[in-house]
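Structure assessment
So you can see what is in the structure, the chains are spelled out below.
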Amino acid sequence: MFQPASGAAPGHRPWIVLWNVKGAVKVKVVSAKCAKDKICAGKEVAVDKTGNYLRPRADLAASARIQVTSGKRLLTDVTISADPATELPAWDGVTLVSAKQEPEGLCSPAGPVVRLAIKPTKAKLDGTVALVYLSKPDPAQPQAKLALITGLGGSDGELMLNNGLGQTPWLKAVPTELWVMLADGDGHVGPAIRAI
């Protein structure tokens, strides 16, 4: 689950990322009194699913405790923020640094890599994510055509987009079109910005 790099609680409508998870996944609101590291009974949360990404269909209550489970596996157990973000941070989007085939790296197989510069680098992006698309997205439907989500908290001003080791490749070749939208865990989504 994406939450601020600062370690603060996730927002009221968090983006949930599933890596190497097979089978059905449930998101539940559970009692705050339930023991940690134990799967608890609770009320299931309706979510939208796109590939490896889940997102609650409605805001979760302030300070609600949620668990994400797959069968008998507890994937995450977190408490939602007490205070929702009222708006996205101000930013000026992204610019293309490079898009080319690169050799295998420490965390990536050989293949296409896109590097973007985040503008301005002084924007406070903790708790925000970049939603990445290979064709123009609709901000009203951020999960439609979604190719990748990547956290921006703690970013050093450059965003590297590539295929992860051991993961299903989302980039088949160097893209000729790439769009980015800024979003947070409280349901806010910014305008679509074309990077390539």
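To keep things clear, this report deals only with the structure shown in the data block. Please read all numbers here as calculations on a predicted model, not as lab measurements. (Residues numbered from 1 in each chain as written. Predicted model: local features only at pLDDT ≥ 70, side-chain atom pairs only at ≥ 80, totals over all residues. Heavy atoms only, no water.)

Digging into the pairing of strand E10 (residues 128-133)
With respect to burial, E10 is a largely interior element, 6 of its 6 residues being buried. Here E10 runs beside strand E13 (residues 179-184); their pairing, made up of 6 bridges, is antiparallel. Looking across to E13, one finds that Leu131 is bridged to Met181. Bridge count between E10 and strand E11 (residues 146-151): 5 bridges; the pairing is antiparallel. The partner of Leu131 across the bridge, within E11, is Ile149. (Buried < 20%, exposed > 50% of the residue type's maximum accessible area, 1.4 Å probe, protein only. Helix = DSSP H or I, 4+ residues; strand = E, 2+ residues; numbered from the N terminus. Pairing = 2+ DSSP bridges.)

Remarks on the pattern of salt bridges
Overall, the coordinates contain 6 salt bridges when judged by the stated rule. Among the ionic pairs, Glu102 bridges to Arg115, the shortest N-O distance being 2.8 Å. Separated by 13 residues along the polypeptide, Glu102 in strand E8 (residues 94-102) and Arg115 in strand E9 (residues 111-118) bring together distant segments of the chain. Its salt-bridge partner being Arg115, residue Glu158 comes within 3.5 Å of it at the nearest N-O pair. Of this pair, Glu158 sits in strand E12 (residues 158-162) while Arg115 sits in strand E9, and the two are 43 residues apart along the sequence. (Salt bridge = Lys/Arg side-chain N within 4 Å of Asp/Glu carboxyl O.)

Focus: the sheet that holds E12
Strands sit in the order E8-E9-E12 across an open sheet of 3 strands; the sheet is antiparallel. The sheet is open, and its two edges are formed by E8 and E12, each paired on a single side. Direction aside, the axes of adjacent strands within the sheet are offset by 20° on average. As paired strands, E8 and E9 are joined by 8 bridges and run antiparallel to one another. Each bridged residue has a counterpart across the sheet, and for Ala99 the counterpart in E9 is Val114. (Axes fitted to C-alpha atoms, helices over the stretch in contact; angles between N-to-C directions.)

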